[in-house]
Amino acid sequence: MTRPRGRTRRLRYRLEYAGLRLVTGALGTLPLPVAMRFAAAVAALVIRVARPIRRIGLTNLAIAFPEKSAAERAAILRASYRNLGRMVAECAHLADITPANVDATVRLEGESDRIWHQEIVPRLQTQGVLILTGHFGNWELFAYAYGLRGYPVSLVHQTIKNPLVDVYVERMRSGGGTRLFRKREAARAVLRALKERALVVLPLDQNQSRRAGIFVDFFGLPASTSDGLARIGVRNDAPVYPAFLVRDGTSARHRIVFLPRVEIASMADRDSAAHELTQRCTAVLESMIRTHPDHWLWTHKRWRTRPLGEPELYDV
């Protein structure tokens, strides 16, 4: 006999999925500028009324920007959610982006263009490249656009609890040619992708358990961070390049920002070298967030895992 709890869970999954498809379907029927304005307004309303996630966001902003006033931090949180709303609208229109028009939406210029064409592309002739990024800007569009440009990326896909939503997101990401690896197979899959001279994109801004992460400084506070990217880079001498998508104002136009290669410290001890590389990568991410605080997703419990003896930071 099926347990009521299982039936309730499946019903919740179906309702969540139906809601997602209703929202994306409705946004997809609107002209993109209208869809973006509408979604941004709804997202700004959500972060005002959803008190638990609002408290998480304001707690994170107080950690990151103690010098700012409460009003300034609240404004950053609203702007972040407006950006998230625009991202949802853009994802509903991903099918409108093609190899013929992708350059009008996502452009590459200046120093970023030089790094890409003179450093990364030549390296891809002989080895894979690790791309350091985070949940920043429209992170879904970044991978999608590069696939359309002829350089499909490999990405570790964190399984979503709702299996219906998980399949939907996986299908959306695959639309641009992105190759997805499940987290349980990530280590071997990433090594294989590097041997195949692929672009491997790894975000580095999610909290890890004490067992799965190492503590590095992030906005002046220890944050449990995955050292997987660093260990792969150190052991395989794989180059690490930071890359982010930065939005032009409130428009649907973006520019790709490639930053100089993050150098691997010369240390005999691989563990120490991986720790140092993780800290360097985290510092790059922090710098981008400081420059564009409205581009980062502040409502993740980034400092949830604390060093032994330190108090909890979140009350929700």
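Parameters and conventions
- Residues numbered from 1 in each chain as written.
- Predicted model: local features only at pLDDT ≥ 70, side-chain atom pairs only at ≥ 80, totals over all residues.
- Heavy atoms only, no water.
- Helix = DSSP H or I, 4+ residues; strand = E, 2+ residues; numbered from the N terminus.
- Rg over C-alpha atoms; globule rule 2.2 N^0.38 Å.
- Contact = heavy atoms within 4.5 Å.
- Areas by Shrake-Rupley, 256 points an atom, 1.4 Å probe, with all protein chains shown as cover.
- Axes fitted to C-alpha atoms, helices over the stretch in contact; angles between N-to-C directions.
- Parallel < 35°, antiparallel > 145°, perpendicular 65-115°, else oblique.
- Left-handed = near helix turned anticlockwise from the far one by under 90°.
- Nonpolar A, V, L, I, M, F, W, Y, C, P; charged D, E, K, R; others polar.

Caption draft 1: Quick peek at the overall build of the protein. Across its full length, the protein carries 11 helices and 9 strands. For the protein, whose C-alpha radius of gyration is 20 Å, the value lies close to the compact-globule estimate of 20 Å for 316 residues. Oriented by its inertia axes, the alpha-carbon framework of the protein measures out at about 55 × 55 × 55 Å. Taking contacts inside the protein between residues at least 6 apart in sequence as the whole, the part at least 24 apart equals 74%. Carbon and sulfur atoms form 54% of the exposed surface of the protein, whose accessible area is close to 15800 Å².

Caption draft 2: Spatial organisation of the packing of helix α10 (residues 228-236) against helix α11 (residues 270-291). Look at α10 against α11: their axes get within 8 Å of each other, and the N-to-C directions meet at 125°. In terms of orientation, α10 and α11 fall into the oblique class. In this structure, the crossing between α10 and α11 has a hand that is right-handed. Residues Leu-229, Ala-230, Arg-231, Val-234 and Arg-235 of α10 form the contact with α11, whose own contacting residues are Arg-270, Asp-271, Ala-273, Ala-274, Leu-277, Thr-278 and Cys-281. Here the contact of α10 with α11 is built from residues that sort into 7 nonpolar, 1 polar and 4 charged.

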